[in-house]
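Residue strings, one per chain:
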Amino acid sequence: MHDEPRPKAQCCTPNADNAVASVQTDHPAMDQGTTHLRDCVLVPGGRALLGTDAPFIADDFEGPLTIRKVKPLWWEKGATSVAQFRQFVAATGYRTMSEKIGWSFVFHSHVPGGAEGTLGVEGLEWWRKIDGAYWAKPCGPAGREASDEAPVTHVTWHDAKAFAKWAGGRLPREVEWEHAARGGLGDVRFPWGNDEPDDRGFTPCNIWQGRFPDQDLGVDGYTGPAPVLAFDPNAFGLHQMVGNVWEWTADAFRVRSASAKARAINAASKGRRLLKGGSFLCHASYCYRYRIAARTGNTPDSSSGHTGFRVVYDRPPA
């Protein structure tokens, strides 16, 4: 167990509005004739918890804990995979935003041959602007093809929404996401309960172990995205609701408060969309957002190597 985390307020999700300044010195309808690779479980509805009365990152307005009602939904067991997204592209000819603009953000240690000479985001220098990085080549043209079992990444909110519409589903709302992540356990911090992951042996999800951003020990078996069905599922049968990749939701990023500070944050965040779950780059010392109540926002045209999504269905998938 580690001491109580002291996370930095700034999150690890780069956005398309960031100035790329520093140099590294070291929506079509579903084709009914296509079989979508679905793998779903039914998550019961009813009383749902949203937020927390013990927030860790004040500027994210993770609280207060409120009680809502949600209806039953069919959830994909894992985040949308490369195989699923590949089928979507084959059926529709869809091109993601990163393909259209010709680049996306790649974590510095994942750049083939090293990140020297590449452009990065000021203040978040571990994110590098890599030409030719997109969902099928997540580390750039010189990198390996994305494996079918991996979560699709380098997708914007618009890309995620287009896939969900084609698949006959949608992106979940924040309250639906938290309800599903809790797995019926109530007011818990993680999908498995309240026990904290560590850098030594308790690794129930795919996050960072070591010294961010230079040393990922990979104690959990991965130093990048894990297959979407890796790690034990929660009690509802859902895999990796925290860690691995951030998941786009249907909601705008807004803070749940009427305070003057909250109004200012909401004004500054206008147009941003909400993401949940954290990623393989999260660590308690830097981005303690692999908790159920944790949240962040990003512009809907932003993509990166640690951002994906998961689809839900209001009716049983055909």
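Placed above this text is the structure.
Before going into details, it helps to say that this report is about the structure given with it. Keep in mind the model is a prediction, meaning the values are calculated, not measured.

Evaluated as defined, the whole model comprises 17 salt bridges. Across the pair Asp39 and Lys77 runs a salt bridge, and its minimum N-O distance is 3.4 Å. One end of the pair, Asp39, is in the loop between β1 (20-23) and β2 (40-43); the other, Lys77, is in the loop between β5 (73-76) and α1 (82-92), and 38 residues separate them in sequence. The class for Lys77 is partly exposed, based on a relative accessible area of 25%. The salt bridge partner of Glu174 is Arg295, with a shortest N-O separation of 2.9 Å. Here the residue Glu174 occupies a position in helix α4 (residues 174-182), and Arg295 occupies one in the loop between β12 (273-276) and β13 (296-298), the gap between them amounting to 121 residues. Each member of the pair, Glu174 as well as Arg295, carries the same accessibility label: buried. A cluster of three or more residues bridged by salt bridges with shared partners is formed by Glu174, Glu178, Arg182, Asp187, Lys276 and Arg295.

A few words on the nonpolar core. Within the largest apolar cluster, 59 residues are counted, with the highest numbers of intra-cluster contacts made by Trp75, Phe85 and Phe309. The greatest single-element share of this core, amounting to seven residues, is contributed by helix α3 (residues 157-167). Residues contacting Phe309, with those up to four places away along its chain left out, are Ala79, Thr80, Phe85, Val152, Val155, Ala160, Phe163, Leu171, Trp246, Glu247 and Trp248. Grouped together as the second largest cluster of nonpolar side chains are six residues, Phe61, Phe253, Ala262 and Leu274 included.

Another aspect to go through is the sheet that holds strand β11 (residues 246-252). The pairing of strands in a sheet comes from backbone hydrogen bonds and takes either a parallel or an antiparallel form. One open sheet accounts for four strands, arranged β13-β12-β11-β14; its pairing is mixed. The open sheet has two free edges, formed respectively by β13 and β14 (307-309), since each of these has just one partner strand. Pairs of neighbouring strands in the sheet enclose a mean axial angle of 50°, with direction left out of account. Sheet topology places β12 next to β13; three bridges connect them, and they run antiparallel. When the bridges of β13 are listed, Leu274 appears paired with Gly297. Packing against the sheet, α3 makes contact with β11, β12 and β14, and its axis sits at approximately 85° to β11.

Thresholds, definitions, all that
- Residues numbered from 1 in each chain as written.
- Predicted model: local features only at pLDDT ≥ 70, side-chain atom pairs only at ≥ 80, totals over all residues.
- Heavy atoms only, no water.
- Salt bridge = Lys/Arg side-chain N within 4 Å of Asp/Glu carboxyl O.
- Helix = DSSP H or I, 4+ residues; strand = E, 2+ residues; numbered from the N terminus.
- Buried < 20%, exposed > 50% of the residue type's maximum accessible area, 1.4 Å probe, protein only.
- Core = buried A, V, L, I, M, F, W, Y, C linked by side-chain atoms within 4.5 Å.
- Contact = heavy atoms within 4.5 Å.
- Pairing = 2+ DSSP bridges.
- Axes fitted to C-alpha atoms, helices over the stretch in contact; angles between N-to-C directions.

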